[in-house]
Amino acid sequence: MAEPPGIAAGDAELTNAGLFERACAVLPGGVNSPVRAFGSVGGTPYFVARGQGAHVWDAEGNRYIDYVQSYGPGILGHAPAAVIGAVVAAAADGTSFGAPTEREVRLATEMCARVPGLEMLRLVSSGTEAAMSAVRLARGATGRNKIVKFAGCYHGHSDSLLAAGGSGVANQGLSGCDGVTPGAVADTVVAPYNVVPDVDGDTAAVLVEPVAANMGLVAPAEGFLEGLRAACDRAGALLVFDEVITGFRLACGGATEFYGVRPDLWCFGKVIGGGLPVGAFGGGRELMGHLAPLGGVYQAGTLSGNPLATAAGLATLAALDGSAYERLEAIAVKLAAGLEGAFGASGVDAVVPRVGSLLGLFFGDGMPRNFDEAAASVASGLYAPFFQAMLRRGVALAPGPYEAIFVSLAHSEADIDATITAATEAAAELA
Ligand SMILES: *Cc1c(COP(=O)(O)O)cnc(C)c1O
């Protein structure tokens, strides 16, 4: 790829370190999303030159088995032929119109067919927008202000939802965020995950990640989701499942199908964009009728329902039939067992939580059930050296202890075996 004119392309500038130096001059922290800066694992981020299947190659030509997979969208692995073909074909017909297109109808129809109870949705361009708009809709529909969220759950970076967020917010050691006014979070109540909170008559909505995947991986305790459903029903509040990670990943019908609990509203993202910028929020027909142009809750987007993004999403969902979820889970089961074996052999205490194909990694001997317990595991400080030891062996985990491990359908037996070998050596190094 030719360098743009005006930028000298000396060899040093194409190393990871050289690129990071250039990046830091023009992008705050050198990145466009904080966790990518390697702040919580140390060292210089690798700059990805390309990806194929389970692998990425950095600017220096090093190959990594990739468990970041864009934090979820890469469920088929990188650059799957069907998705690339669909995007290229769509691009040739124009990339954005500001008028409705058939693919939007097809993607919404496909999503509603898969998720039990989902009748209508609106496409947006990120998970952040989906959660932000779902909150507005919940407030507009109920006429109530208060929302309840759980510590360590991440719902994107909109002001009212940044209180006690997981993922990058937690990595930065920020309890909240500069620039978010007390007023913006005044109606946000933060409760501990896995305990059903008091839900009162002022509450518009309870937002939850049905499997928490932004404080490491924390499964919902037995009865937690059912308890939320019942508490919301008693109070007349809406239950919102943020399925941006779990949607179309845990099962065809996401966490809703996996756990058999139906929310009133859903947020989606990641998988449904097949690597392009997409989000969606949806619910029952009556509730969605509050949205403009049918109702009084305004929400809009220049690139919403974008032709390339909907083409990528449709091609991705087409590859995700029931057998795909079985294969994905089998890959995760094998990796989880291998990682547990690696730590067992080394004598380093660690647990590998797994829900379906979603995996996590916590150092210590207990299985965290909430953010405080996850944070106690992170305080061991063992994630960073383990991450670096894996990276040196060609395995890319997420550069932060609060992220999940994402397997894709492109991870082969050989990739998993190589990962387990690397983990066995890395764990021995830690011991
Ligand atoms: C990633 C994520 C979001 C935000 O999605 P973006 O596309 O990054 O804005 C929201 N909720 C959950 C559960 C997520 O994992």
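Residues numbered from 1 in each chain as written. Predicted model: local features only at pLDDT ≥ 70, side-chain atom pairs only at ≥ 80, totals over all residues. Heavy atoms only, no water.

Draft legend 1. Layout of the overall build of the protein. Tallying secondary structure elements over the protein gives 14 helices and 16 strands in all. For the protein, the C-alpha radius of gyration of 21 Å lies close to 22 Å, the compact-globule estimate for 431 residues. When the backbone C-alpha atoms are referred to their principal axes, the protein occupies close to 55 × 55 × 45 Å. Burial analysis of the protein (431 residues in total) assigns 53% to the buried set. (Helix = DSSP H or I, 4+ residues; strand = E, 2+ residues; numbered from the N terminus. Rg over C-alpha atoms; globule rule 2.2 N^0.38 Å. Buried < 20%, exposed > 50% of the residue type's maximum accessible area, 1.4 Å probe, protein only.)

Draft legend 2. Representation of the packing of helix 11 (residues 322-346) against helix 14 (residues 413-430) within the structure. Two elements in contact, helix 11 and helix 14, have axes separated by 8 Å at closest approach and are oriented at 20°. The orientation of helix 11 with respect to helix 14, classified from their angle, is roughly parallel. Every pair of crossing elements has a handedness; the one defined by helix 11 and helix 14 is right-handed. Within the contact between the two elements, helix 11 uses Ile-331, Lys-334, Leu-335, Gly-338, Leu-339, Ala-342, Phe-343 and Ser-346 and helix 14 uses Glu-413, Ile-416, Asp-417, Thr-419, Ile-420, Ala-423, Thr-424, Ala-427 and Ala-428. (Axes fitted to C-alpha atoms, helices over the stretch in contact; angles between N-to-C directions. Parallel < 35°, antiparallel > 145°, perpendicular 65-115°, else oblique. Left-handed = near helix turned anticlockwise from the far one by under 90°. Contact = heavy atoms within 4.5 Å.)

Draft legend 3. Highlighting the site of the ligand. Within the structure, the ligand sits among Ser-126, Gly-127, Thr-128, Tyr-154, His-155, Gly-156, Glu-209, Asn-214, Asp-242, Val-244, Ile-245 and Lys-270. Within the side chain of Thr-128, an N or O atom sits 2.6 Å from an oxygen atom of the ligand. In isolation the ligand has 380 Å² of accessible area, and contact with the protein removes 84% of it. Broken down by class, the residue content of the shell around the ligand amounts to three nonpolar, six polar and three charged. (Near = heavy atom within 4 Å. Polar contact = N/O pair within 3.5 Å; in protein donor to acceptor, adjacent residues only side chain to side chain. Areas by Shrake-Rupley, 256 points an atom, 1.4 Å probe, with all protein chains shown as cover. Nonpolar A, V, L, I, M, F, W, Y, C, P; charged D, E, K, R; others polar.)

Draft legend 4. Spatial organisation of the state of the cysteines. Inspection of the entire model under this criterion finds zero disulfides. The thiol sulfur of Cys-267 is not disulfide-bonded, and the nearest other cysteine sulfur, from Cys-153, lies at 12 Å. (Disulfide = S-S within 2.5 Å.)

Draft legend 5. View of the sheet that holds strand 6 (residues 188-191). Taken together, the seven strands give an open sheet; going across it, the order is 4-10-9-8-7-5-6, and neighbouring strands pair in mixed fashion. The outermost strands of the open sheet, each flanked by one partner alone, are strand 4 (120-124) and strand 6. Each neighbouring strand pair of the sheet contributes to a mean axis angle of 20°, computed without reference to strand direction. Of the strand pairs in this sheet, strand 7 (residues 203-208) and strand 8 (residues 238-242) are connected by four bridges, and their pairing is parallel. Looking across to strand 8, one finds that Ala-205 is bridged to Leu-238. Against the sheet, helix 3 (residues 102-114) touches strand 4, strand 9 (265-268) and strand 10 (279-283), its axis set at about 125° to strand 4. (Pairing = 2+ DSSP bridges.)

Draft legend 6. Structural detail: the environment of Leu-314. As for its position among the elements, Leu-314 is in helix 10 (residues 307-318). Put simply, Leu-314 and Gly-43 are 271 residues apart on the chain and 38 Å apart in space, counted from C-alpha to C-alpha. Excluding anything up to four places from it in sequence, Leu-314 contacts Arg-103, Arg-106 and Leu-107.

Draft legend 7. Local environment of the side chain of His-155. In this fold, His-155 is placed in the loop between strand 5 (146-150) and helix 5 (167-171). A residue is classified by how much of its surface remains accessible, and His-155, at 1% relative accessible area, is buried. Apart from the residues within four sequence positions on either side, His-155 is in contact with Thr-128, Ala-131, Lys-149, Leu-161, Leu-207, Val-208, Glu-209 and Asp-242.

Draft legend 8. Up close: the environment of Ser-346. On the secondary structure map, Ser-346 appears in helix 11. Sequence spacing of Ser-346 and Ile-331 is 15 residues, and the spatial spacing of their C-alpha atoms is 23 Å. There is a polar contact of 3.1 Å between the side chain of Ser-346 and the backbone nitrogen of Val-348.

Draft legend 9. View of the packing of helix 13 (residues 383-392) against helix 14. Relative to each other, helix 13 and helix 14 sit at 135°, their axes nearing to 9 Å. Considering their axes alone, helix 13 and helix 14 lie oblique with respect to each other. The two elements helix 13 and helix 14 cross, and the hand of that crossing is right-handed. Every residue of helix 14 that contacts helix 13 at Pro-385, Phe-386, Ala-389, Met-390 and Arg-392 is listed here: Thr-419, Ala-422, Ala-423, Ala-426, Ala-427, Glu-429 and Leu-430. Considered class by class, the residues forming the contact of helix 13 with helix 14 number nine nonpolar, one polar and two charged.

Draft legend 10. Quick look at the pattern of salt bridges. This structure, assessed with the given rule, holds 11 salt bridges. One salt bridge in this structure joins Asp-233 and Arg-229, with 2.8 Å as the shortest N-O distance. Of this pair, Asp-233 and Arg-229 both sit in helix 7 (residues 224-235), four residues apart, roughly one helical turn. By relative accessible area, which is 15% here, Arg-229 ends up buried. It is possible to trace a salt-bridge network through shared partners that takes in Arg-392, Arg-393, Glu-425 and Glu-429. (Salt bridge = Lys/Arg side-chain N within 4 Å of Asp/Glu carboxyl O.)

Draft legend 11. Quick peek at the sheet that holds strand 16 (residues 405-406). As summarised here, the arrangement of the three strands in space is 12-13-16, forming an open sheet in which the pairing is antiparallel. The open sheet has two edge strands, strand 12 (354-355) and strand 16, and neither has a second partner. Relative to strand 13 (residues 358-359), strand 12 is paired through two bridges, and the arrangement is antiparallel. By the bridge assignment for strand 13, Val-355 is matched with Leu-358.

Draft legend 12. Spotlight on helix 3. For helix 3, built from 13 residues, the straight-helix expectation of 18 Å at 1.5 Å per residue is met to within 8% by its first-to-last C-alpha distance of 19 Å. Where helix 3 is buried, its residues meet strand 4, helix 8 (254-259), strand 9, strand 10 and helix 10. (Expected span 1.5 Å × (residues − 1).)

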